[in-house]
Amino acid sequence: MLPPADRVPHLPPDSEPERPTLKTIAAATGLAVATVSRALKDAPDIGEETKRRVRETAARLGYRPNRAGVRLRTGKTNVIALVLSTESDIMNHTSRLIYSIAAALRGTAYHLVVMPFFPDQDPMEPIRYIVETGSADGIILNQTKADDPRLRYMQDHGFPFAAHGRSAMGIDHLYYDFDNEAFGRLGARALAERGRKRLYLVAPPRSHMYASHMIHGFTDEALRLGPPFEVTDRVTSDAGGDAIEAAVAARFAEPDPPDGLLLGSTTAGMAAIAAAERSGRVLGRDFDVVAKEAVPMLRRFRQDILIIREDVGRAGEFLARALVARIDKRDWTERQGLEVPVTVEPGG
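What counts and what doesn't
- Residues numbered from 1 in each chain as written.
- Predicted model: local features only at pLDDT ≥ 70, side-chain atom pairs only at ≥ 80, totals over all residues.
- Heavy atoms only, no water.
- Buried < 20%, exposed > 50% of the residue type's maximum accessible area, 1.4 Å probe, protein only.
- Helix = DSSP H or I, 4+ residues; strand = E, 2+ residues; numbered from the N terminus.
- Pairing = 2+ DSSP bridges.
- Salt bridge = Lys/Arg side-chain N within 4 Å of Asp/Glu carboxyl O.
- Right-handed = clockwise from strand over helix to strand, strands pointing away.
- Axes fitted to C-alpha atoms, helices over the stretch in contact; angles between N-to-C directions.
- Contact = heavy atoms within 4.5 Å.
- Expected span 1.5 Å × (residues − 1).
- Parallel < 35°, antiparallel > 145°, perpendicular 65-115°, else oblique.
- Nonpolar A, V, L, I, M, F, W, Y, C, P; charged D, E, K, R; others polar.
- Phe/Tyr/Trp six-rings, centres within 6.5 Å; stacked < 30°, edge-to-face > 60°.

A. Quick look at the pairing of strand E5 (residues 174–178). A large share of E5 lies buried, amounting to 5 of its 5 residues. Taking every second residue as pointing to the same face, both faces of E5 are buried, with Leu174, Tyr176 and Phe178 on one and Tyr175 and Asp177 on the other. Examined bridge by bridge, strand E4 (residues 161–164) and E5 share 3 bridges and lie parallel to one another. Bridged to His164 within E5 is Tyr176. Two elements, E5 and strand E11 (residues 336–339), share 4 bridges in a ladder whose sense is parallel. The residue bridging Asp177 from the neighbouring strand is Leu338, located in E11.

B. Highlighting the pattern of salt bridges. Counted according to the given criterion, the structure contains 30 salt bridges. We note a salt bridge from Glu221 to Arg185, for which the minimum N-O separation is 3.2 Å. Placement of the pair is Glu221 in helix H9 (residues 209–225) and Arg185 in helix H8 (residues 180–193), with a sequence separation of 36 residues. Of the two residues, Glu221 and Arg185, both sit in the buried class.

C. Structural view of the pairing of strand E3 (residues 138–142). Of all 5 residues in E3, 5 are buried; the element is thus mostly enclosed. A two-sided burial pattern is seen for E3, the buried positions comprising Gly138, Ile140 and Asn142 on one face and Ile139 and Leu141 on the other. Two elements, strand E1 (residues 79–85) and E3, share 4 bridges in a ladder whose sense is parallel. Opposite Leu82, over in E3, you have Ile140 as the bridge partner. Here E3 runs beside E4; their pairing, made up of 4 bridges, is parallel. Bridge pairing in E4 links Leu141 to Ala163. Where the polypeptide runs from E3 across helix H7 (residues 149–156) and back to E4, its parallel neighbour, the crossover connection is right-handed.

D. Representation of the sheet that holds strand E10 (residues 306–309). Overall, parallel pairing links the 5 strands, which are arranged E7-E6-E8-E9-E10 in an open sheet. Taken across any chain shown, the strands that pair with only one partner, and hence form the sheet edges, are strand E7 (229–231) and E10. If you compare each strand with its neighbour and ignore which way they point, the axes differ by 15 degrees on average. Inspection of the sheet shows strand E6 (residues 199–202) paired to strand E8 (residues 260–263) by 4 bridges, in the parallel sense. If you follow Leu199 over to E8, its bridge partner there is Gly260. Its contacts with the sheet place helix H10 (residues 241–252) against E6, E7 and E8, and it is angled at close to 160 degrees to E6.

E. View of the environment of Glu277. Here Glu277 is to be found in helix H11 (residues 266–278). In sequence terms Glu277 and Ala249 are 28 residues apart; their C-alpha atoms lie 9.0 Å from each other. Glu277 has contacts with Leu283, Phe287 and Arg302, leaving out every residue within four places of it along the chain.

F. Examining H10 more closely. An ideal rise of 1.5 Å per residue puts 16 Å on 12 residues; H10 measures up with 16 Å between its terminal C-alpha atoms. Residues of H10 that are buried: Ile244, Ala247, Val248, Ala249, Arg251 and Phe252. Check the buried side of H10 and you find it contacts E6, E7, E8 and H11.

G. Expanded view of the packing of helix H1 (residues 22–29) against helix H2 (residues 33–40). Their axes nearest at 9 Å, the elements H1 and H2 cross at an angle of 105 degrees. What the angle tells us is that H1 and H2 run roughly perpendicular. The residues of H2 that touch H1, namely those facing Leu22, Lys23, Ile25, Ala26 and Thr29, are Val33, Val36, Ser37 and Leu40. In terms of residue class, the contact of H1 with H2 is built from 6 nonpolar, 2 polar and 1 charged.

H. Focus on the side chain of Arg150. Secondary-structure assignment places Arg150 in helix H7. Once you skip the residues sitting within four places of it in the chain, Arg150 turns out to touch Phe117, Pro123, Met124, Ile127, Leu141, Asn142, Gln143 and Thr144.

I. Highlighting the packing of aromatic side chains. In this structure the tally under the stated criterion is 4 aromatic pairs. Judged by centre distance (5.9 Å) and plane angle (90 degrees), the rings of Phe218 and Phe229 are edge-to-face. In this pair, Phe218 sits in helix H9 while Phe229 sits in strand E7, placing the two residues 11 residues apart along the sequence. Here the aromatic rings of Phe252 and Phe287 are separated by 6.3 Å at their centres, their planes lie at 70 degrees, and the arrangement is edge-to-face. Taken together, the residues span a long stretch of sequence, with Phe252 in helix H10 and Phe287 in the loop between H11 and strand E9 (288–293) at a distance of 35 residues. Side by side, Phe252 and Phe287 carry an identical accessibility label, which is buried.

And the structure:
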């Protein structure tokens, strides 16, 4: 039987467990407080074994840095903001990017915050908010444009950033990119080598830098090889599956339909196959599809699809580590990276 509420004993405030501090970790590990602090900040002069021991002890003790105190002492938030469009290929490309950045930051002093923006929203809005409020120490963003006001704004304000994609602005900034020109060439060549007579590209939105790279590679290679080709303006590879399926189905209902399709995303690849199959065509016999993917998935959908892989995990890790080095003012030899695809994985 429980005692009445007014007779339940209350512990005095000073009897509650004290919040673990750097001193607590230092006492548990036998290291100096300064060493513990630098280990938690992933300082390059601290050995990996020491960092591992400090992190494990901190996790076991339930240590959490006081963010308000950190900001007062250092002027830093220890936050990296990942700004992403909600139109991105969530189930494949974007999910892998988020995971890889978070994994690269694990064990460092930095934490990841994802800030989405919507198609009807000014892309500058989240960038201005973060920079003006100082709510993060650095920004990672994607879907860069040839002349991107977001990059120029951050460059002009001296705000650390890294981009998943290049620009044509002459700004020397951190980036990692996938060579979409090579992707376009590889795709067009693979389809032509399989005897396809009319090639068809569903590209990203034309305003994005990687769309121009992809379109150039595809059209230039198709012109060199000879088969007729088209780049659809009805839909983009960033659109939803229903919109892509409807657009491709409409094209297959018209005269001279394509029989070799290059798709700029996993969603687009699956939707295009569904559209073609609705017309009674068989993948690998009546038409072929080359699609890009970041996470193994397409083989579970159709065995005969042709795949070009993009290592988004490597991109996320590169961007996170390079940006943290920039924020911490550490030398970092790899400021820019480019993944160049060289193979098309055959179906079957």
